[in-house]
Amino acid sequence: MSPKSRTRKPKSAGKERRNAPPPNPIAELYRRVAPHFAADLDQTSSLESEQMASAVYAGMHQTTNLGAGIDNTLFSDWVGHAERQANRTSAAVLWAMAQVVDAPGDAQAAAAAGRLAEAGVEPPAWLAPLRKLEATAAWMLTDVFGDFIEIVIEFRAGRRKHGLYLSIDTNHLGGYATEVLFSDSARDLLKTLERSALRMAGAAVVPVGLPEARRLGLDAIAATDITSNPEVGPTYDQDRALALKRLLALPESGVVDLNTRRAQSEAEEQAQIQADEVQSERLVATFMRDIQQDIAPASARAFKEQFIRLADLAIGFGRDYDGGRLVRVSPPKMDTFVGWFLPRKVMLDDVELEALPWFLNAWVDWCAAQMGLPEAAVDLLVDAVGEALDDAEELRNSDEDERSPGMAFLEGLDLANLEEAQAAMDRRQLAMPYFGTWIGDDDYPQLNANKPEELRLLVLGELEELHTVGTDEYPSGAEPDGSPVWSAALRELVVSQLWNDEPPQVWQAAQRLRTQGLGREEILDQLQAVLAGHVDATKVQPGSGFGSAVHIKGYMAALAAVGAGGRKSRHLRSV
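Numbering of residues starts from 1 in each chain and follows the order in which that chain's sequence is written. Per-residue local features of the predicted model are confined to residues with pLDDT of at least 70, and side-chain atom pairs are confined, for both listing and counting, to 80 or more; whole-chain, interface and lining totals are unaffected and use all residues. With hydrogens and water set aside, each side-chain value is computed from the structure's full complement of heavy atoms.

A. Representation of the side chain of Glu492 in the model. Each helix is a run of H or I in the DSSP string that is no shorter than four residues. Each strand is a run of E no shorter than two, and both are numbered from the N terminus. Along the chain, Glu492 falls in helix α20 (residues 484-500). On the basis of relative accessibility, which here comes to 6%, the residue Glu492 falls in the buried class. We call two N or O atoms a polar contact when they sit within 3.5 Å, provided that within protein one can donate a hydrogen and the other can accept it, with sequence-adjacent residues counted only if both atoms are side-chain atoms. Within the structure, the side chain of Glu492 is placed 2.8 Å from the side chain of Tyr474, a separation counted as a polar contact. Think of it in three bands: residues with accessible area under 20% of the maximum for their type are buried, residues over 50% are exposed, and the middle band is partly exposed, with areas taken using a 1.4 Å probe on protein chains only.

Here is the structure:
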C-alpha cells in the first residue's frame, strides 16, 4: 500500500458527513460554559459559578424583559443534558442554576443535582458554605434631588464575603433598577459609593436596614421587568437573576400592610379621590400665598389663574408619575414635566404658555425651599428648566416632521375650543397612546396613528401574540375565530374606530367602562369581544374603519349595553 493510500478516506465518508445531524445547541452551550464551572469546583466562593449560571439563564428568555418569558422547554432540555453528563462539573452547573433561576426552575435544577448526589457525584466545594449564606449589612446613597438610589449589600457565605451593588432610577415607575454589579469585596463597593457622595453636595452614604434594602431592590427589579427596552447597564441582564435571588434571601420586615393586598371598595376609592383633591388644593393655596409674599409677586399677580392651573398640573404630575412625591423637583423631573407631560398630556392655551416660564421659576424656588435644597442644587435646577423651555419652544417652532409625536393626537381635527381638544386627546390616548414599537427585531421608533398603515404597525407591535401577523395579512373566509390574524383585524378595527370617533358610540361605551375602573387593555378587550359578533372578517381591509365589514344595527345595540348600569369607580382624570 502506498503512503497516500494510508490516509485516503472511504468514498462514503463525505456522504455520511452531509447526512450528519445538525449540532445540538444545548450541547454546544454546555461545552462552552462547562470549563468555567470546572475551574471553580474546589473554590469556597460560589460567586463566579452563580454569575455564569445567571448569564446562561438570561439567554433562555424569549423576551428582552427578563421578568417573564422563560423558554421552559429550553430550560428543561438544559437541565436534562447537564444531568446526563453525570460528573462533578455537571453537578456544579445544576447546583448553581438551582441558586439563581426563578421558581419552579430552581426546584427542577435542585432535584436533578440531588439525583446526581445520590448517585455518588460529589458536589462543588462552594455548595456547603453557600448553604450558610446570610446578609450582614447594607448601605444606601441618594442624591440631593432624590433622582436615584444606590445600594450596597454585604453577604457572607462561610468565611468568604462578597457584595451586591444596585442602582435605581427613581424617575420611572417609582424607581427601576438600571445597574447590577457583584464584587468579591462589599467594602470596595462601599468605598466607591463614598467617593461618589464626596462629589455630590448634600449627599451621604448611610446604613439601611436589610428589610428596606430588600423592598427597594425587589420593587426596582420588578419595575425594570415591565419596562419596554429599559436603559440598563451592560451586566444587568446577565446578573439580574442572581441579584433577585440575593435580595429574596434578605429578611422581610415582618409587617404586612393588608391595605396593599385587597381591592378598595367604591366608598374608599371615592374618599381617596376627594382626599387627593383636598391635598392638591391645600398645596396650591400654600404655594400661591408663599410666592406672593416672598418669591415672585409681580408674575403671580399677573398670571394668578394660570399659576393655579399650572401648580395643580405639577402636583398631579408628581402624584401620577413620580410615586406621589408631589413637590419634589429635579433636573430630570422638570425636563420630563416640561418636555413630555405638558406637550403630550395637556393642552395649554396661549396665556398659560406665556405664564409657564414665570411659573416654573417660582415653582422651582418654592419646591426647593420645601426640600431644603442647597443653593448649588437650585442653580442646577434653574439651568435645567431653562434648557427644557428652550427645547420645548424649538419643538413648537419646528417643521411638522420634527415636532413631538404628541401632535398626532390633534392632527386632522376641527376643534372649536380647548375643551374639545382635551376630550379628543383623551379619546385618542385611550385608542393608541404609543408613538413607536418593536415587531420582533424590527424597530419602528416614530409612527403616526393618523396613517392607517402606521396604525396597523402600532397595533401589531403592542401585543406580542400579534407579532407573527403580516402587516398586510387579513382574515380570509376560512380564517378561524381566535387566530392571531383574526384578533389583529379586530383590534385594529376597534382602535381605528376610537381614534377616528367613528362611530361615536364606541367612545361612549369606552367611557362607561372606564368609570367602572377598567384599564385601557381591559376596555379594548371588551370592545373587541363585542365587535367580534358583528363583523364580517372577509371584508376587513387596511383602514376600513367603520365600513361595510360591520353589521351596524346589531353592533349599535351591543355597544349600548356595554357598561350600562355599572357602578362608578376611581379612574384617571383628564388633565
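B. Looking closely at the sheet that holds strand β1 (residues 134-142). Reading across from one edge, β4-β3-β2-β1-β5 is the order of the 5 strands in this open sheet, with antiparallel pairing throughout. Edge strands, defined here as strands with exactly one partner in the open sheet, are β4 (176-183) and β5 (205-207). Taken pair by pair, the neighbouring strands of this sheet meet at an average axis angle of 20°, ignoring direction. A pair of strands is labelled paired if DSSP reports no fewer than 2 bridges between them. In this structure, strand β2 (residues 148-157) lies alongside strand β3 (residues 160-169), joined through 10 bridges in antiparallel fashion. Bridging from a neighbouring strand, Ile153 pairs with Leu164 of β3. Two residues qualify as a contact provided that any one of their heavy atoms is within 4.5 Å of a heavy atom in the partner residue. Only C-alpha atoms enter the line fits that serve as axes; for helices the fit covers just the stretch in contact. Angles between N-to-C directions range over 0 to 180 degrees. Together, β1, β2, β3, β4 and β5 form the strand contacts of helix α9 (residues 186-198), whose direction differs from that of β2 by roughly 160°. Across the sheet, helix α11 (residues 236-248) is in contact with β2, β3 and β4; its angle to β4 comes to roughly 85°.

C. Expanded view of the packing of aromatic side chains. For this analysis, a ring pair means two rings from Phe, Tyr or Trp (six-membered ring only for Trp) whose centres lie within 6.5 Å, classed as stacked if their planes differ by under 30 degrees, edge-to-face if by over 60, and tilted for the remaining angles. Using the criterion set out here, one finds 15 aromatic pairs in the structure. A ring pair is formed by Phe287 and Trp363, whose centres lie 5.1 Å apart and whose planes are at 75°; its orientation type is edge-to-face. Within this pair, whereas Phe287 is found in helix α12 (residues 266-295), its partner Trp363 is found in helix α16 (residues 350-371), the two being separated by 76 residues in sequence. Trp363 shares its class with Phe287; the two are buried. Centre to centre, the rings of Phe287 and Trp366 are 5.4 Å apart; their planes meet at 70°, and the pair counts as edge-to-face. Placement of the pair is Phe287 in helix α12 and Trp366 in helix α16, with a sequence separation of 79 residues. Like Phe287, the residue Trp366 is buried in the burial classification. Grouping aromatic residues by their ring pairs yields a cluster made of Phe287, Phe307, Phe359, Trp363 and Trp366.

D. Broad picture of the confidence of the model for the protein chain. For every residue, the predictor assigns a confidence score, pLDDT, that lies between 0 and 100. Overall, the prediction assigns the protein chain a mean pLDDT of 84, with 84% of residues at 70 or greater. Contacts of residues 1-18 to residues separated by more than four positions or lying in other chains number 1 contact, the stretch itself having pLDDT below 50. Taken as a whole, residues 566-575 scores under 50 in pLDDT and shows 30 contacts with residues more than four places along the chain or in a different chain.

E. Quick look at unusual backbone geometry. Backbone torsion omega between Ala103 and Pro104 reads 5°, so that peptide bond is classified as cis. Within the fold, Pro104 resides in the loop between α6 (88-100) and α7 (105-118). Of note in this structure, Ala86 is not a glycine but carries a positive phi near 50°. As for its position among the elements, Ala86 is in the loop between α5 (72-85) and α6. A positive phi angle is found at Asp501, which is not glycine, with a value near 55°. Note on placement: Asp501 falls in the loop between α20 and α21 (504-515). Looking at Asp501, the relative accessible area reads 30%, which means it is partly exposed.

F. Here's a closer look at the pairing of β3. Judged by how many residues are buried, β3 sits mostly within the fold: 7 of 10 residues are covered. Counting the residues in the hairpin turn of β2 and β3 gives 2 residues, including Gly158, whose phi is positive at 70°. Pairing analysis gives 7 bridges linking β3 to β4, with the strands arranged antiparallel. What sits directly across from Asp169, in β4, is Tyr176.

G. A look at a negative patch on the surface. Candidate patch residues must exceed 30% relative accessible area and have no salt bridge, after which like charges are joined if within 9 Å and Val, Leu, Ile, Met, Phe, Trp or Tyr side chains if within 5 Å. Shrake-Rupley sampling with a 1.4 Å probe provides the accessible areas, and residues are treated as covered by the protein chains on show and by no other component. Salt bridges are counted wherever a side-chain nitrogen of Lys or Arg sits within 4 Å of a carboxyl oxygen of Asp or Glu. Two residue types count as positive, namely Lys and Arg, and two as negative, namely Asp and Glu; His and chain ends fall outside the count. Note that the charge is assigned to NZ on lysines, CZ on arginines, CG on aspartates and CD on glutamates. Residues Asp335, Glu375, Asp379, Asp383, Glu387, Asp390 and Asp391 make up a contiguous surface patch of negative charge. At 6 residues, the largest contribution of residues to the negative patch is made by helix α17 (residues 375-396). Along the chain, the position of Asp383 falls in helix α17. The partly exposed category is assigned to Asp383, whose relative accessible area is 48%.

H. Layout of the pairing of β4. A large share of β4 lies buried, amounting to 6 of its 8 residues. Counting the residues that bridge the hairpin from β3 to β4 gives 6 residues, and of these Leu173 lies at a positive phi of roughly 55°.

I. Quick peek at the pattern of salt bridges. Applying the stated rule across the entire model yields 24 salt bridges. Arg88 is paired through a salt bridge with Glu122; the nearest N and O atoms lie 3.8 Å apart. Placement of the pair is Arg88 in helix α6 and Glu122 in the loop between α7 and α8 (127-130), with a sequence separation of 34 residues. Here Asp290 and Arg289 are joined by a salt bridge, their closest N and O atoms 3.1 Å apart. Salt bridges sharing common partners tie together Asp147, Asp322, Arg325, Arg328 and Lys333.

J. Examining the environment of Val550 more closely. Tracing the backbone through its elements, the reader meets Val550 in the loop between α22 (520-532) and α23 (552-561). Sequence-wise, Val550 and Asp536 are 14 residues apart; in three dimensions their C-alpha atoms are separated by 6.3 Å. Apart from the residues lying within four places of it in its own chain, the contact partners of Val550 are Leu493, Gln497, Leu531, His534, Val535 and Tyr555.

K. Just the packing of helix α4 (residues 47-58) against α6, in detail. At a closest axis distance of 8 Å, the pairing of α4 and α6 adopts a crossing angle of 75°. One finds that α4 runs roughly perpendicular with respect to α6. Mapping the contact onto sequence places Ser49, Glu50, Ala53, Ser54, Val56 and Tyr57 in α4 and Ala96, Met97, Gln99 and Val100 in α6. Grouping the amino acids of the contact of α4 with α6 by side-chain chemistry returns 6 nonpolar, 3 polar and 1 charged. Here the word oblique covers every angle except those under 35 degrees (roughly parallel), over 145 (roughly antiparallel) and from 65 to 115 (roughly perpendicular). Only Asp, Glu, Lys and Arg are considered charged, only Ala, Val, Leu, Ile, Met, Phe, Trp, Tyr, Cys and Pro nonpolar, and every remaining residue, Gly among them, polar.

L. Molecular detail of the nonpolar core. Among the buried residues, those of types Ala, Val, Leu, Ile, Met, Phe, Trp, Tyr and Cys that are joined through side-chain atoms within 4.5 Å form a nonpolar core. Trp78, Met97 and Ile153 are the most contacted members of the largest nonpolar core, which has 60 residues in total. If one sorts the elements of this core by residue count, α6 sits on top with 9 residues. Setting aside residues no more than four positions away along its own chain, Trp78 makes contact with Ile26, Leu29, Tyr30, Val33, Val56, Met60, Val93 and Met97. If you look at the next biggest cluster of nonpolar residues, it comprises 45 residues, including Phe409, Trp486, Ala488 and Leu524.

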